[in-house]
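Given next are the chains, with one letter for each unit.
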Amino acid sequence: MYKTVLPNEDDSRDKQRQVEDMFNRISQKYDRLNRIITFGMYDQWRKKLAKLVENQSPTKILDLATGTADFAISVSHIPNVKIIGVDISEKMLEVGLSKIKQAGLNNVIELRLGSAESLDFDNESFDIVMVSFGLRNFQNLEKALTEIFRVIKKGGYLITLETSRPKNWFIKPFYIFYTVGIMPLMTKLLFQEKSAYLYLSKSALLFPSSEQLIGLMKRIGFKSVKHQPQIFQISSIYVASK
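As the structure is a computational prediction, the values presented were derived from the model and not from experiment.

Colleague: Quick question: what am I supposed to make of the packing of helix α6 (residues 141-151) against helix α9 (residues 210-220) here?
Modeller: Packed helices, taken two at a time, are described by the angle between their axes plus the distance between the axes. Between α6 and α9, the least distance of the axes is 10 Å, while the angle of their chain directions is 50°. Taken together, the axes of α6 and α9 are oblique relative to one another. For the pair α6 and α9, the sense of crossing is right-handed. Contacts between α6 and α9 pair Leu141, Glu142, Leu145, Thr146 and Phe149 from the former with Leu213, Leu216, Met217 and Ile220 from the latter. Here the residues of the contact of α6 with α9 are counted per class, giving seven nonpolar, one polar and one charged.

Here it is as structure tokens:
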């Protein structure tokens with residue numbers, strides 16, 4: 001369906017292991033990097049995603065590819081909610097757990113080490129599965145989406161935020177120039193992390209189009225998928241119902 005992008009093409013290990021190591025390495029810098037390279041739009045997107053989740057009044061949420069638990073924390077105020085965050089990076093989870101403890105949310109949010117392609121949950125366990133900037137990092141996107149579909153309750157939702165490619169002829173070349181040229185250079189100069197963000201920029205450029213992603217979700221079994229492009233179409237929110 002689309003080209004698999006690896007953090008290191010010369011590394012013989014599979015994508016999941018490489019991605020795990022990459023996020024372990026940048027875990028302490030990840031939150032700050034995200035806010036800098038998105039010029040603060042990361043927080044706006046997070047609030048929009050959180051509002052969509054809140055509107056469904058869920059009581060059990062799976063935050064897949066939870067990372068440092070930013071999005072899990074952003075929906076923790078929902079009444080009677082229980083949130084389980086899952087990620088393959090132990091170091092990212094350690095950062096997230098520290099934030100959860102500091103916010104006094106231990107009874108609301110639980111973090112677990114795990115893979116999107118093999119979720120350790122029963123069928124129809126969650127009202128909502130949310131994924132923020134995680135789909136393109138899965139080793140097998142179709143398998144991960146199939147697992148997500150399995151653990152969502154009938155009538156529940158997948159709500160995901162992911163990078164997208166602008167179609168506007170004027171914006172597109174600036175987006176490519178920034179993503180491929182400026183962003184990796186900026187992260188190298190500020191954080192000595194060019195290689196990690198070179199992968200993230202490349203994986204964003206080669207990720208399936210919105211039409212392809214929506215088609216895949218529907219083939220897996222989601223009834224409808226609503227697509228909400230964000231500012232300049234550089235990211236998109238997808239709401240898929242089961």
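Colleague: Sorry, what's going on with empty space enclosed by the protein here?
Modeller: Over the atoms rolls a probe the size of a water molecule, and in doing so it shows where empty space is left. In the structure shown here, the tally under the stated rule is two cavities of 30 Å³ or more. A volume near 310 Å³ is recorded for the largest cavity. Lining the largest cavity are 25 residues, and of these Ala65, Thr66, Asp87, Gly134 and Asn137 sit closest to its centre. Sorting elements by how many residues they give to the lining of the largest cavity places helix α1 (residues 15-26) first, with three residues. Residues belonging to the lining of the largest cavity are distributed by class as follows: 13 nonpolar, nine polar and three charged.

What counts and what doesn't
Numbering of residues begins from 1 in every chain and follows the order in which that chain's sequence is written. Local features are withheld for residues below a pLDDT of 70 in this predicted model, meaning they are given only at 70 or higher, and side-chain atom pairs are given and counted only at 80 or more; totals for whole chains, interfaces and linings count all residues. Hydrogen atoms and water are omitted, and side-chain values are computed over all heavy atoms in the structure. Axis lines are fitted to C-alpha atoms, over the contacting stretch for helices. Their N-to-C directions set the angle, which ranges from 0 to 180 degrees. Put simply, DSSP marks the helices as runs of H or I at least four residues long and the strands as runs of E at least two long, and each gets a number from the N terminus on. For classification, angles of less than 35 degrees are called roughly parallel, those exceeding 145 degrees roughly antiparallel, those between 65 and 115 degrees roughly perpendicular, and all remaining angles oblique. Should the near helix be turned anticlockwise from the far one by less than a right angle, the crossing is left-handed, and should it be turned clockwise, the crossing is right-handed. Whether two residues touch is decided by their heavy atoms; if any such pair falls within 4.5 Å, the residues are in contact. In this count, Pro and Cys sit with the nonpolar residues alongside Ala, Val, Leu, Ile, Met, Phe, Trp and Tyr, while Asp, Glu, Lys and Arg are called charged and the others, Gly among them, polar. Only protein atoms enter the 1 Å grid, on which a cavity is a set of points fitting a 1.4 Å probe that cannot get out and a pocket is an open set with protein on both sides within 12 Å along at least 5 of 7 lines, lining residues being those with an atom within 4 Å of a point. Grid points are joined across faces, edges and corners, and a volume is the space filled by probe spheres set on the points.

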